[in-house]
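Residue-level structural notes
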Amino acid sequence: MSPESKKLFNIIILGVAFMFMFTAFQTCGNVAQTVIRSLNSTDFHGSGYTSMAIIYGVFSASNLITPSVVAIIGPQLSMFASGLFYSMYIAVFIQPLPWSFYTASVFIGIAAAVLWTAQGNCLTINSDEHTIGRNSGIFWALLQSSLFFGNLYIYFAWQGKTQISESDRRTVFIALTVISLVGTVLFFLIRQPDSENVLGEDESSDDQDLEVNESAQSTMGKAVDAFKKSLKLCVTKEMLLLSITTAYTGLELTFFSGVYGTCIGAVNKFGTEEKSLIGLSGIFIGIGEILGGSLFGLLSKNNRFGRNPVVLLGILVHFIAFYLIFLNMPGDAPIAPVEGTDSSAYIKSSKEVAIFCSFLLGLGDSCFNTQLLSILGFLYSEDSAPAFAVFKFVQSICAAVAFFYSNYLLLHWQLLVMVILGFFGTISFFSVEWAAAAIVARGSDYRSI
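Looking at an unreviewed UniProt entry, one finds the protein chain named UNC93-like protein MFSD11 and attributed to Enhydra lutris kenyoni. The Subcellular location (unreviewed entry) field of the UniProt record for the protein chain holds the comment "Membrane".

What follows is the structure, encoded as structure tokens:
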């Protein structure tokens, strides 16, 4: 197998492994609040929003140390260990107890930070400046296929049900746990890429000598160095600007992955289909994600206009989705009780409009995330693990904040926050991309700035 074929194989395996793991986890996150509402009539008392706030809060704090973990044990083992914790969290729902539910939320927060830092590192070392856009698109399309498969099952299994029984819950979460474990094992199929032509590496003998010296460093030295790089990257101009865009992706991640499905499931005017519509919503979010990831991955090779048009498309699509959701959903839907809400929206609530908005949310999200992965892999090719750690740190802390306020804020206030941050996040991305394009036009090295 040629070096390029091996790298492409690694990207595909990486995407497929994430597809299995997140078929389980994203389906779990999509139905968690609905399942827990059904459980709260028993001895169990908890909140899916609170659990997600804990996950993303711990996730954000852990991102500062994860480059050190990846530097010590490597990306492959890091992803495998993280996958085990993801499976543990999903298994908790088979027989949930408040203490195990919230404890697992803490552990998966740490695991998620390690997983995503290792993923960014693996993506970068298997790419070069010509393939980073394509590989980001391939990975994103495979990852978001996860939204399709798990939610398809939810749609058919829960059709016509207004309450989730214990047997329904156990069947779903046993299956999701097994699926997550399959994805975890797949990480062992990733092969070590050949050292030449890896993004951020030159072929000079000086760099080869540097690699020898790096391999001689102590494990602790590598860990400390990775931590220092993370702190330095946090205050660079480019990372600060990209952090605004990243913060927006954290808020909209919370909205489409946890809040919007809960809103749909709470609208009593949708009738007996309200619970199965949660699964259908997830499917159409996935279709939007897959379409976006595939399209932008294919176009990246011949895209003469850079990343800005894709991000502009993303924010326009999201603004349309937010406006339609504002009109179509009752304001109290995110915080409705277990019985749901009979409140009226500005227009007659339509299932078709609700599902169309799911598609728009997924398509817009893929616009932002594929381009953020691409620009980070390009700008920080030599410091990929710390760069992706900072990216996930900002995204996850904003997601944690959003999950926390989702317990209290009415729908229109949540949409307003996303509109404001989305606007400024788009402008900040444009400025970084223009700077990167100018560097490429001059033919100089971005790292020399």
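1. Quick notes on the overall build of the protein chain
Helix and strand content of the protein chain: 14 helices and 0 strands. Ordering the α and β elements of the protein chain from the N terminus gives α-α-α-α-α-α-α-α-α-α-α-α-α-α. Taking all 449 residues of the protein chain together, the buried fraction comes to 57%. Taking all contacts inside the protein chain whose residues are at least 6 apart in sequence as the whole, residues at least 24 apart take part in 87%. Taken as a whole, the protein chain presents about 17900 Å² of accessible surface, with 67% of it coming from carbon and sulfur.

2. Focus on the nonpolar core
Generally speaking, a soluble globular protein has its nonpolar side chains buried in company with each other. Judged by nonpolar contacts, the single largest core of 110 residues is most densely connected at Phe 18, Tyr 86, Tyr 89 and Met 329. Here this core spans two domains, since at least three of its residues come from each of domain 1 (1-190) and domain 2 (229-439). Sequence-distant contacts of Met 329, defined by excluding residues within four places in its chain, comprise Tyr 260, Cys 263, Ile 264, Val 267, Phe 270, Ala 345, Ala 354 and Leu 411.

3. Here we look at the packing of aromatic side chains
The relation between two aromatic rings is expressed through the spacing of the ring centres and the mutual angle of the planes. Counted by the stated rule, this structure contains 26 aromatic pairs. With centroids separated by 5.2 Å and ring planes inclined at 65°, the aromatic side chains of Phe 18 and Trp 116 adopt a geometry described as edge-to-face. With a gap of 98 residues between them, Phe 18 in helix H1 (residues 3-39) and Trp 116 in helix H4 (residues 98-125) connect regions that are remote in the sequence. Relative accessible area serves as the criterion here: at 0%, Phe 18 is assigned to the buried category.

4. Some words on empty space enclosed by the protein
Any empty space left between atoms is shown by rolling a water-sized probe over those atoms. Scanning the model with the defined rule gives 6 cavities of 30 Å³ or more in all. For the largest cavity, the calculated volume is near 330 Å³. In terms of lining residues, the largest cavity is bounded by 25 residues, among which Phe 22, Gln 26, Tyr 56, Trp 116 and Leu 253 are the most central. Contributing elements (two or more residues each) for the lining of the largest cavity: H1, helix H2 (48-62), H4, helix H5 (132-157), helix H9 (237-266), helix H12 (351-379) and helix H13 (384-405). The element contributing the most residues to the lining of the largest cavity is H1, with 5 residues. For the lining of the largest cavity, the per-class residue count stands at 15 nonpolar, 8 polar and 2 charged. Taken domain by domain, the makeup of the lining of the largest cavity includes at least three residues from each of domain 1 (1-190) and domain 2 (229-439).

5. Topic: the confidence of the model for the protein chain
Confidence in the prediction for the protein chain averages 81 pLDDT; 83% of positions are at 70 or higher. Looking across the protein chain, the model is least confident in helix H7 (residues 205-216), with a mean pLDDT of 46, and most confident in helix H11 (residues 308-328), with 93. Here residues 200-216 scores under 50 on pLDDT; set against residues more than four positions off or in separate chains, the count is 10 contacts. Confidence drops under pLDDT 50 across residues 444-449; counting only partners more than four residues distant or on other chains, this segment forms 10 contacts.

Criteria and thresholds
- Residues numbered from 1 in each chain as written.
- Predicted model: local features only at pLDDT ≥ 70, side-chain atom pairs only at ≥ 80, totals over all residues.
- Heavy atoms only, no water.
- UniProt positions renumbered as here; feature names shortened; annotations may be inferred.
- Helix = DSSP H or I, 4+ residues; strand = E, 2+ residues; numbered from the N terminus.
- Buried < 20%, exposed > 50% of the residue type's maximum accessible area, 1.4 Å probe, protein only.
- Contact = heavy atoms within 4.5 Å.
- Areas by Shrake-Rupley, 256 points an atom, 1.4 Å probe, with all protein chains shown as cover.
- Core = buried A, V, L, I, M, F, W, Y, C linked by side-chain atoms within 4.5 Å.
- Domains from an automatic or database assignment.
- Phe/Tyr/Trp six-rings, centres within 6.5 Å; stacked < 30°, edge-to-face > 60°.
- 1 Å grid on protein atoms, 1.4 Å probe; cavity = no way out; pocket = protein on both sides within 12 Å on 5 of 7 lines; lining within 4 Å.
- Points joined across faces, edges and corners; volume = space filled by probe spheres on them.
- Nonpolar A, V, L, I, M, F, W, Y, C, P; charged D, E, K, R; others polar.
- pLDDT = per-residue confidence, 0-100.

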